[in-house]
Amino acid sequence: MYYDNNWAAIIPMANEEADFEVFIQELTTVLNRLQTGTVYLVVDTVSKDRTLELCRALSEKDARFITVFAPENKNVVDAYIRGYKEAYQNEHDIIIEMDAGMSHDPKAIPMFLRVLNEGNECAFGSRFINGGSMAKSPPSRVFLSRTGTFLSNLLLGTKMYDMTSGYQGFHASIVKKIIEYPLLSKAHFYQTEIRYLLRHSKYAEIPIHYQAPSPSVSKKAIKNSIEVLWHYFVNRFTKRSPNQL
């Protein structure tokens, strides 16, 4: 009863050739079962393998998959926002953000749709609640994710179990606010920034299984994360700029 929405998924695709077929097969199985859904595959010049070629071939074969080539993107946040803009402009009611490469399991999509049809404006994937997990990642990355969540909750006053996961979904009204807001994040802190800004919305956390090795986090990304975290921490008390969407 919850799965007949005009919903879409946005997925940045960079150097996904190795896992492309298995991921698309899993995603197609979900689309077939729900009999609804559109997928926006966002590719930019970071991708050096045949990902763009594979995405375009898929789009020609299956109209539910739309390839968005965005060479102007400067970072992964640009890729997410470009996907949101495409889906919002095409008037989808619900938009789900996920990663490729089987790091985010497509079989969780129905759960996101259900939660977003039960009065919630936002649905945030969580690896650290009952039913969630973070597998195949090195201990250092697990530590970074848990520490990021702890520090964000401590300094920003949020109360989520997972502040750094990238699997999330929103109603179109929330997406409009996201694409219009001047986000500060350029890398991994993006999801934390979004969750902080949406802390006063009606949301639910959904258990997800993160199943892929996490890429290393660059010093530049960590520096940006610290800067953005400090900005919002200071703004909590000075009110120099909006602190919520």
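Refer to the preceding data block for the structure.
Residues numbered from 1 in each chain as written. Predicted model: local features only at pLDDT ≥ 70, side-chain atom pairs only at ≥ 80, totals over all residues. Heavy atoms only, no water.

### What about the overall build of the protein chain?
Next up, step 1: Counting its secondary structure elements, the protein chain contains 8 helices and 9 strands.
Next up, step 2: By the burial criterion, 53% of the 245 residues in the protein chain qualify as buried.
Next up, step 3: Partitioning the contacts of the protein chain with sequence separation of at least 6, the portion at a separation of at least 24 is 81%.
Next up, step 4: For the protein chain, the exposed area adds up to about 11800 Å²; of that, 55% sits on carbon and sulfur atoms.
Next up, step 5: With 28 positive and 26 negative side-chain charges, the protein chain shows a separation of 9 Å between the mean positions of the two kinds. (Helix = DSSP H or I, 4+ residues; strand = E, 2+ residues; numbered from the N terminus. Buried < 20%, exposed > 50% of the residue type's maximum accessible area, 1.4 Å probe, protein only. Contact = heavy atoms within 4.5 Å. Areas by Shrake-Rupley, 256 points an atom, 1.4 Å probe, with all protein chains shown as cover. Lys, Arg positive; Asp, Glu negative; His and termini not counted. Charge placed at Lys NZ, Arg CZ, Asp CG, Glu CD.)

### Topic: the nonpolar core
Next up, step 1: Of all hydrophobic cores here, the largest spans 35 residues; its most connected members are Trp7, Ile11 and Ile109.
Next up, step 2: When contributions to this core are tallied by element, the ones reaching two or more residues are β1 (7–13), α1 (20–34), β2 (38–43), α2 (51–61), β4 (94–97), α4 (109–116) and β8 (203–207).
Next up, step 3: In contact with tryptophan 7, not counting residues within four places along its chain, are Leu31, Leu34, Thr36, Gly37, Thr38, His92, Ile94, Ile96, Ile109 and Leu113.
Next up, step 4: In terms of nonpolar packing, the next biggest core, distinct from the first, is built from 34 residues, Ile10, Leu156, Ile174 and Ile178 among them. (Core = buried A, V, L, I, M, F, W, Y, C linked by side-chain atoms within 4.5 Å.)

### Comments concerning the sheet that holds β8
The strands that make up a sheet are held in pairs by hydrogen bonds between backbone atoms, and each pair lies either parallel or antiparallel.
Next up, step 1: One open sheet accounts for 7 strands, arranged β3-β2-β1-β4-β7-β5-β8; its pairing is mixed. One side of each edge strand has no neighbouring strand; the edge strands of this open sheet are β3 (65–69) and β8. Shown here is a sheet whose adjacent strand axes are inclined to one another by a mean of 20°, direction ignored.
Next up, step 2: Inspection of the sheet shows strand β5 (residues 122–126) paired to β8 by 5 bridges, in the parallel sense. Directly across from glycine 125, in β8, lies its bridge partner isoleucine 206.
Next up, step 3: Strands β1, β2 and β3 of the sheet are contacted by α1, whose axis makes an angle of about 175° with β1.
Next up, step 4: Its contacts with the sheet put helix α3 (residues 76–89) on β1, β2, β3, β4 and β7 (168–171), and the angle it makes with β1 is roughly 155°. (Pairing = 2+ DSSP bridges. Axes fitted to C-alpha atoms, helices over the stretch in contact; angles between N-to-C directions.)

### Section: the environment of isoleucine 129
Next up, step 1: Looking at the element boundaries, isoleucine 129 is found in the loop between β5 and β6 (133–134).
Next up, step 2: Judged by its relative accessible area of 18%, isoleucine 129 is buried.
Next up, step 3: Sequence separation between isoleucine 129 and tyrosine 161 is 32 residues; the distance between their C-alpha atoms is 6.5 Å.
Next up, step 4: With residues up to four places along the chain from it excluded, the contact list for isoleucine 129 reads Tyr161, Glu205, Ile206 and Pro207.

### Observations regarding the packing of α3 against helix α6 (residues 172–180)
Next up, step 1: Between α3 and α6, whose axes approach to 10 Å, the crossing angle comes to 135°. Here α3 lies oblique to α6, going by the angle between them. Remark: the crossing between α3 and α6 carries left-handed chirality. Every residue of α6 that contacts α3 at Ile81, Tyr84, Lys85 and Tyr88 is listed here: Ala172, Val175, Lys176, Ile178 and Ile179. (Parallel < 35°, antiparallel > 145°, perpendicular 65-115°, else oblique. Left-handed = near helix turned anticlockwise from the far one by under 90°.)

### What to know about the pairing of β3
Next up, step 1: Alignment of β2 against β3, held across 5 bridges, turns out to be parallel. Along β3, the bridge assignment pairs tyrosine 40 with isoleucine 66.
Next up, step 2: Read from β2 through α2 to β3, the crossover connection turns out right-handed. (Right-handed = clockwise from strand over helix to strand, strands pointing away.)

By themselves, these observations are geometric and do not establish any function.
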